[in-house]
Amino acid sequence: PAPPFFLLEETHGDITRMAFPRPPASAGGALGRRNPTVAGRGIGPPSTAGRPGRHRCGAYVLQSKEDSFPLDPLDEIKLWIDANLASKVGGGVANVKRGPGGSGWAQTHVLELKGGGRLFAKVARGRGKDEMFRGEYEGLNAMNGTGTISVPRAFHYDDLYGGSRKGSWILMEFADLSSRLDQADLGLQLGLMHLAEPAPREEDEDEDGRETIGEGGDRFGFYVDNTIGATPQPNAWTGDWVEFYRERRLWHQLKLTQDTKLLRLGETALGRLDEIFSPVSVRPSILHGDLWSGNMAADGKGRPVIFDPASYYGHHEAEFGMSWCASFTERFWGAYEDVVPRESAGYAERRELYQLYHYLNHYNLFGGSYYYQCENILRRFN
């Protein structure tokens with residue numbers, strides 16, 4: 001019988017692009033008219049019309065006359081699951097539902113599996129995988145790797161077939177956010193995450209297993225640049241926290257304002273950072289990076305869950321720059337500070353500077369009254 005698939009691509013032993021089901025001969029549309037063919041034995045029907053395939057890295061790679069493969073993005077995700085994940089999660093996808101949340105640049109979907117479980121996917125149109133989802137993938141897995149607070153594990157992210165200009169997607173664990181959030185439990189688990197040692201990644205080790213990013217991991221930044229909301233967030237590794245926060249956070253946002261007054265006030269304020277941070281010795285903690293009430297909840301078992309990160313390694317106090325929009329209670333702070341005691345000397349000033357980053361970002365995104373909050377904080381450090 002004819003083989004059920006006409007494409008299987010493998011890269012370094014791991015399946016990265018799915019085997020696409022061969023359409024029936026009667027199929028209409030571009031797929032029925034122009035079935036791609038693949039060069040090689042046993043892969044695909046030899047009689048199909050289209051551009052011959054080529055061989056790369058031990059893989060047969062689809063070549064088609066069409067600019068994009070006429071598959072729905074969700075079909076691409078289903079096929080990836082079938083080839084890479086189905087045996088581990090009890091089967092492929094049985095049903096897809098529109099997911100909660102979403103935004104102007106991404107749609108969310110809940111994928112119900114034949115084995116009874118669920119997965120969660122986001123699809124972005126017109127934005128490539130590295131721009132849209134690499135930072136989220138790395139951030140989720142860096143936090144998940146601490147084994148502390150519940151964070152969805154990300155399985156894969158990729159461009160849609162046809163390339164980054166078509167769009168991209170990310171697949172992760174599904175979290176049933178159906179319980180009431182316990183603030184004390186949230187504070188405890190977040191504190192444990194901030195105390196955790198950076199989770200090692202295979203790609204950050206040399207052939208002998210030695211870590212290659214930072215001596216002992218004692219550096220600030222992240223593996224990739226990401227975004228805070230829609231604003232680019234640079235994360236190049238830096239050995240000194242004050243330098244990182246001054247250049248990669250505050251000065252970066254100030255330059256984006258293109259406002260002469262804020263830039264002038266900012267120059268003076270940023271010149272004082274070494275003095276302001278002198279009372280504390282900062283060690284890198286993995287941070288969520290955008291922790292507000294919309295990015296935290298509790299799952300069906302009542303466990304706190306955090307998601308939609310803008311992660312990097314930084315000072316744990318910087319996690320609370322969005323506390324004005326997070327509704328942390330006394331129970332939260334009591335539990336958190338039982339694990340990570342507050343360093344009182346200079347705390348109030350540092351707290352304002354950590355909030356300033358997010359006020360500047362909100363001004364750059366939304367304008368309006370955030371300008372005066374930025375100006376007022378900067379004046380206090382002039």
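Residues numbered from 1 in each chain as written. Predicted model: local features only at pLDDT ≥ 70, side-chain atom pairs only at ≥ 80, totals over all residues. Heavy atoms only, no water.

Let's talk about the environment of I306
Within the fold, I306 resides in strand β14 (residues 304-306). Here I306 falls in the buried class, since its relative accessible area comes to 0%. Separated by 18 residues in sequence, I306 and H288 have C-alpha atoms that sit 7.8 Å apart. In contact with I306, other than residues within four places in its own chain, are M143, I149, S150, V151, P152, L190, M193, H288, L291, N295 and M296. (Helix = DSSP H or I, 4+ residues; strand = E, 2+ residues; numbered from the N terminus. Buried < 20%, exposed > 50% of the residue type's maximum accessible area, 1.4 Å probe, protein only. Contact = heavy atoms within 4.5 Å.)

Some points on the nonpolar core
Formed by 66 residues in total, the largest nonpolar core has its most connected members in W241, L250, F277, I306, F328 and L353. Element by element, the count of residues in this core is highest for helix α10 (residues 347-366), at seven residues. When residues no more than four places from it in sequence are discounted, the contact partners of F277 are W241, V242, H315, R350, L353 and Y354. Counting 15 residues, the second largest nonpolar core, distinct from the first, contains L85, V93, A121 and L160. (Core = buried A, V, L, I, M, F, W, Y, C linked by side-chain atoms within 4.5 Å.)

Here we look at the sheet that holds strand β8 (residues 154-159)
Across the sheet, five strands lie side by side as β5-β6-β7-β9-β8; this open sheet has antiparallel pairing. In this open sheet, the two edge strands, each paired with only one partner strand, are β5 (93-98) and β8. Between one strand and the next, the sheet's axes are offset by a mean angle of 20°, whatever the strand orientation. Sheet analysis places β8 next to strand β9 (residues 167-173), joined by five bridges and oriented antiparallel. Residue H156 lies in a different strand from β9, and its bridge partner there is L171. Along the sheet face, helix α2 (residues 73-84) touches β5, β6 (107-113), β7 (118-125), β8 and β9 and points at about 45° away from the line of β9. (Pairing = 2+ DSSP bridges. Axes fitted to C-alpha atoms, helices over the stretch in contact; angles between N-to-C directions.)

Any link to function would need more than the numbers given here.
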